[in-house]
Amino acid sequence: MKRMSALIAILIAFLGFAFFTDNGGSSFSLNKKPKVGVLTLMHHPALDQIYHGFVHQLAKEGYHDGKNITIEYQNANGDQSNLKTMANKLVNDNATILFGITTPASQALANTTTKTPIVLGAVTDPKGAGLVKNNQHPGGNITGISGQAPVLEQLQLVKKFMPHAKTFGLIYTSSDPSAASEAKIFIKTAKQLKMNLKVASIANSNDLNQVSQALLSEVDAVIVPTDNTIAGAMQTLVKNADAVNKPVFPAVDTMVKQGGVATYSINQFKMGEEGGKVAAAILRGDKKPATTAIEYIRHGEPVLNLKQAQKLGLTIPKDFQQEATNHGEVFK
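Draft legend 1. Representation of empty space enclosed by the protein. What the rule picks out here adds up to two cavities of 30 Å³ or more. Quantified by volume, the largest cavity comes out at close to 200 Å³. Lining the largest cavity are 25 residues, with A122, T124, T226, V252 and Q268 sitting closest to its centre. Sorting the residues of the lining of the largest cavity by element identifies α2 (45–60), α4 (103–110), α6 (177–192), α8 (228–232) and α11 (268–284) as the ones contributing at least two each. Considered class by class, the residues forming the lining of the largest cavity number 12 nonpolar, 10 polar and three charged. Estimates place the volume of the second largest cavity at around 40 Å³. Surrounding the second largest cavity, Q154, L155, V158, F186, I223, V224, F249, P250, A251, A262 and T263 form its lining. Counting only elements with at least two residues in the lining of the second largest cavity, the list comes to α5 (151–161), β8 (221–224), β9 (248–250) and β10 (262–265). A per-element tally of the lining of the second largest cavity places α5 first, with three residues. The residue makeup of the lining of the second largest cavity, split by class, is nine nonpolar, two polar and no charged.

Draft legend 2. The arrangement of helix α9 (residues 234–243) in detail. Buried residues of α9: M234, L237, V238, N240 and A241, and no others. Taken around the axis of α9, the buried residues stretch over an arc of 165 degrees, which confines them to a single face. Of the residues in α9, the exposed ones pointing more than 90 degrees away from the buried face are Q235 and A243. With its phi angle positive at about 55 degrees, N245 sits one or two positions after the end of α9.

Draft legend 3. A look at the sheet that holds β10. If you walk across this open sheet you meet the three strands as β10-β12-β13, and the pairing is mixed. Only two strands of the sheet have a single neighbouring strand rather than two, namely β10 and β13 (329–331). Geometrically, the sheet is characterised by an average inter-axis angle of 15 degrees between neighbouring strands, direction not taken into account. With four bridges joining them, β10 and strand β12 (residues 301–305) adopt antiparallel strand pairing. Opposite Y264, over in β12, you have P302 as the bridge partner.

Draft legend 4. Structural context of the packing of aromatic side chains. The tally for this structure, following the rule as stated, stands at five aromatic pairs. Both rings, one in Y51 and one in Y73, keep their centres 4.6 Å apart while their planes meet at 45 degrees; by these two values the pair is tilted. Of this pair, Y51 sits in helix α2 while Y73 sits in strand β2 (residues 70–75); the two residues are 22 residues apart in sequence, bridging distant segments of the chain. Ring geometry for F161 versus F320: centroids 6.0 Å apart, planes at 75 degrees, classification edge-to-face. A residue pair is termed long-range when its members are at least 10 positions apart, and F161 in helix α5 and F320 in helix α13 (residues 318–327) qualify at 159 residues. Here F161 and F320 have matching classes, each one buried. A connected cluster of aromatic rings, assembled from ring pairs, spans F161, F249, Y264 and F320.

Calculation notes
Residues numbered from 1 in each chain as written. Predicted model: local features only at pLDDT ≥ 70, side-chain atom pairs only at ≥ 80, totals over all residues. Heavy atoms only, no water. 1 Å grid on protein atoms, 1.4 Å probe; cavity = no way out; pocket = protein on both sides within 12 Å on 5 of 7 lines; lining within 4 Å. Points joined across faces, edges and corners; volume = space filled by probe spheres on them. Helix = DSSP H or I, 4+ residues; strand = E, 2+ residues; numbered from the N terminus. Nonpolar A, V, L, I, M, F, W, Y, C, P; charged D, E, K, R; others polar. Buried < 20%, exposed > 50% of the residue type's maximum accessible area, 1.4 Å probe, protein only. Arc of directions from axis to C-beta. Pairing = 2+ DSSP bridges. Axes fitted to C-alpha atoms, helices over the stretch in contact; angles between N-to-C directions. Phe/Tyr/Trp six-rings, centres within 6.5 Å; stacked < 30°, edge-to-face > 60°.

Okay, structure coming up:
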């Protein structure tokens, strides 16, 4: 009997040790991996770059999908009504940490949980979107990365390309908090630069064809802020602009590649990498969302679509072309 009791005690001790430690000495069960839930509003090149950068950085930090973590990716495909259901699924699937790509996706996650850590990606104005109390001291379960386009540089670049233009157009999505917030900065900055700016907005991608055609009939060029809806329908805007031989100057590098002319763009892949660094630090226990300030990325890299500029007969500023060649990206 004593021998049997001793065997049972040894077995219990062994099982307890196996549950609380793994081969690397971590505090997770042998069968339990941290789960990273990712929610994005839609698929388009810029947002995809953020996601790829995020996953790439997690791997650099030692968190490999399918090995020692599981990544669950949810894409609303541009339909905001899908976000709530997908956010609920990620939380109900017991995600260890959540990554929200775009403001609407992050808001859906924030409305679903106040406990699970949330890392923001591609949110222009976290405080203005109601996601944090204070950008320096978030105070809740949310922190992350905010990308703010270098608006002054971008508008100065537009003037360089088109020094004789009389009227510029700005088009953005009014239902996108990030786009609307950035549009206000463009309007204010254009006024400071004494640029005559005509503003148009769309509610969704279905409006883009008609609204952009009307705007293009009244302006010499169109400017687009960081706008996920327009990025997802960029071909429509470029088609309409090409039809009247007028340039589009977007805020994002991938939109330049799709037919825009030039910009100073925040590197979307690097933005995702920064989000991955924050997520990894939270997973390790090195950081807590409540006391981790929102990190702002403001540096823009020069991006030129040489083929598009030549097609439209634009004179390319030599210093900008050289800068893009040496320190940015040129699409030929």
